[in-house]
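Structure assessment
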Amino acid sequence: MDVGKKFTAASRSLSSSSLKDRLSKLSVTPLKPITIHSNIEFAPARIPRKRRMQMLAVAAWSVAIALATVLFFLLCSIPALWPFLAAYEIWITWIDQSPEHGGKTSQWFRELGFWKYFADYYPASFLKEAELPPDRPYVFGYHPHGIIGMGALATFATEATGFSAAFPGIKPHLLTLASNFRMPFYRDIILAMGVCSVSKKSCSNILKSGPGSAITIVVGGAAESLSAHPGTADLTLRKRLGFIKIAIQHGADLVPVFSFGENDIYEQMPNQPGTTIHTLQKKFQSVFGFTLPLFHGRGLLNYNIGLMPYRRQIVAVIGKPIHVEQCDKPAIQEVMRVQQMYIEELTRIWNAYKDQFAKARTRELSIIE
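Note that this is a predicted model, so its numbers are computed, not measured. For every chain, the first residue of the written sequence is number 1, and numbering continues from 1 along that sequence. The predicted nature of this model means local features are confined to residues of pLDDT at least 70 and side-chain atom pairs, given and counted, to a pLDDT of 80 or more, with totals for whole chains, interfaces and linings taken over all residues. Each side-chain value is derived from all of the structure's non-hydrogen atoms; neither hydrogens nor water enter the calculation.

Describing the UniProt feature "transmembrane region" (unreviewed entry) in the chain
Taking the UniProt record as the reference, the feature "transmembrane region" (unreviewed entry) is found at residues 56-82. Comment: elements are numbered from the N terminus, with helices defined as DSSP H or I runs of at least four residues and strands as E runs of at least two. With 78% helix and 0% strand, the stretch residues 56-82 has end C-alpha atoms that lie 32 Å from each other. UniProt positions are given in the numbering used here, feature names are shortened, and annotations may be inferred rather than shown by experiment.

As for the sheet that holds strand 4 (residues 196-197)
Note: two strands are recorded as paired if DSSP finds a minimum of 2 bridges between them. The mixed open sheet is built from 7 strands, whose spatial order is 1-10-7-2-5-3-4. Single-partner strands in this sheet number two, and they are strand 1 (124-128) and strand 4. As defined by bridge partners, strand 2 (residues 138-143) adjoins strand 5 (residues 213-218) across 5 bridges and the pair is classed as parallel. If you follow Tyr142 over to strand 5, its bridge partner there is Val218. The sheet contacts of helix 12 (residues 242-249) involve strand 2, strand 5 and strand 7 (253-260), and relative to strand 7 the element is tilted by about 145°. Only heavy atoms matter for contacts: two residues are in contact if any of them lie within 4.5 Å across the pair. Axis definition: a line fitted to C-alpha atoms, limited for helices to the stretch in contact. Angles are taken between N-to-C directions and run from 0 to 180 degrees.

Quick notes on the packing of aromatic side chains
Under the pairing criterion, centres of Phe, Tyr and Trp rings, with the six-membered ring standing for Trp, must be within 6.5 Å; the plane angle then separates stacked pairs below 30 degrees from edge-to-face pairs above 60, leaving the rest tilted. The full count for this structure, using the stated rule, is 26 aromatic pairs. Here Trp115 and Phe118 contribute two aromatic rings whose centre-to-centre distance is 6.1 Å and whose plane-to-plane angle is 80°, an arrangement assigned as edge-to-face. Note that Trp115 and Phe118 are positioned in helix 6 (residues 113-121) at a spacing of 3 residues, about one turn of the helix. Just as Trp115 is buried, Phe118 falls in that class too. Where Phe243 meets Tyr342, the ring centres are 5.3 Å apart and the plane angle is 75°; that geometry is what we call edge-to-face. A residue pair is termed long-range when its members are at least 10 positions apart, and Phe243 in helix 12 and Tyr342 in helix 14 (residues 332-357) qualify at 99 residues. Members of the aromatic cluster, connected to one another through ring pairs, are Trp61, Trp108, Phe109, Phe114, Trp115, Phe118, Tyr121, Tyr122 and Tyr186. Geometrically, a charge over a ring is one whose NZ (Lys) or CZ (Arg) sits within 6 Å of the ring centre while staying within 35 degrees of the ring normal. Across from the ring centre of Phe167, 5.0 Å away, lies the NZ or CZ of Lys128, which sits over that ring. Note that Arg312 overlies the ring of Tyr310, its terminal NZ or CZ placed 4.2 Å from the centroid. Under the scheme applied here, a residue whose accessible area is under 20% of the maximum for its type counts as buried, over 50% as exposed, and between as partly exposed, the area being computed with a 1.4 Å probe on protein chains only.

Here we look at helix 3 (residues 64-76)
Multiplying 1.5 Å by the residue count of a helix minus one yields the expected span of that helix. Taking 1.5 Å per residue as the helical rise, helix 3 with its 13 residues ought to reach 18 Å, and the 18 Å between its terminal C-alpha atoms agrees with that figure. Buried residues of helix 3: Ala64, Ala68 and Phe72, and no others. The buried residues of helix 3 occupy one face: seen down the axis, they fall within an arc of 70°. Across from the buried face of helix 3, at angles greater than 90 degrees, the exposed residues are Leu67, Phe73 and Leu74. Tucked into the core, helix 3 has its buried residues touching helix 2 (49-62), helix 4 (82-95) and helix 9 (186-192). Directions from the helix axis toward the C-beta atoms define the arc.

Dropping the structure here:
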């Protein structure tokens, strides 16, 4: 027991005396800072005021429906306003028929500086190929649909690109789904822009209102929005005969419009036909009448994550008018003949300007259905 105790004491004495020397001989590995790699490209802090105003205009419009809805529900929280809000709901639901009868176009609203900032963000513009005499009605066919159709809005629903100055006497009406006119406050904004319902009744009422009346139909609709990928021009057009029939019935000249860059302002998840995403999107469309493309753009403070569109040029080429003979009940053969002329003119526009405005295309124009 005495030897063990001595050994233990010696060991303790040895460890205590040599601890400092042994620690000094240890190699110390310096700590490395942890670096978090991110693919988010943030915007610089200093941006010219004009560009900030452009960004804010596009951001405000991108959430216009949400803002209008929130405002309506906030007002509903004030009991004193209930009678007025109830009267407003009765008005927009059962009384006001302006979406089907040419809208409530306000020229000063279309000319607001807000829209100039909106259009200059991309920038959006149009190229005029021919004069359009204001002695007849017109049906503009807009292609492609894109995710939202920002170029159509800038060109035909505002004066930011100078439509009325370029085509004096022509009164444009961009058409959209009737469901948009059931949204409080938002409906009043788009009505002031000259936007109307895309129903057959609405088209007929506008075209019958006199010379110079014009409607703009984004022909591909919800189905085409699913094909809106950057660098592509896949159009849903072959089975779209309704707008051509309406033009013939009212003796309205058909004007093809191809918007270069419309498909480039958003990125969309891969959703080729046959994929689960595409199948679900088509089922949603069949039930609700519209679909939900899974897309993304940029944000307010970054360049690659968010729901705002990218700053990419949009140029709408307004082609040459196709004259049609008025006929109340056109035969299907006549409708098909005019459609073929329309497709040929649209193809001519693509071929004439693709090397100027679609340099980054991944494939050529294609009519997929």
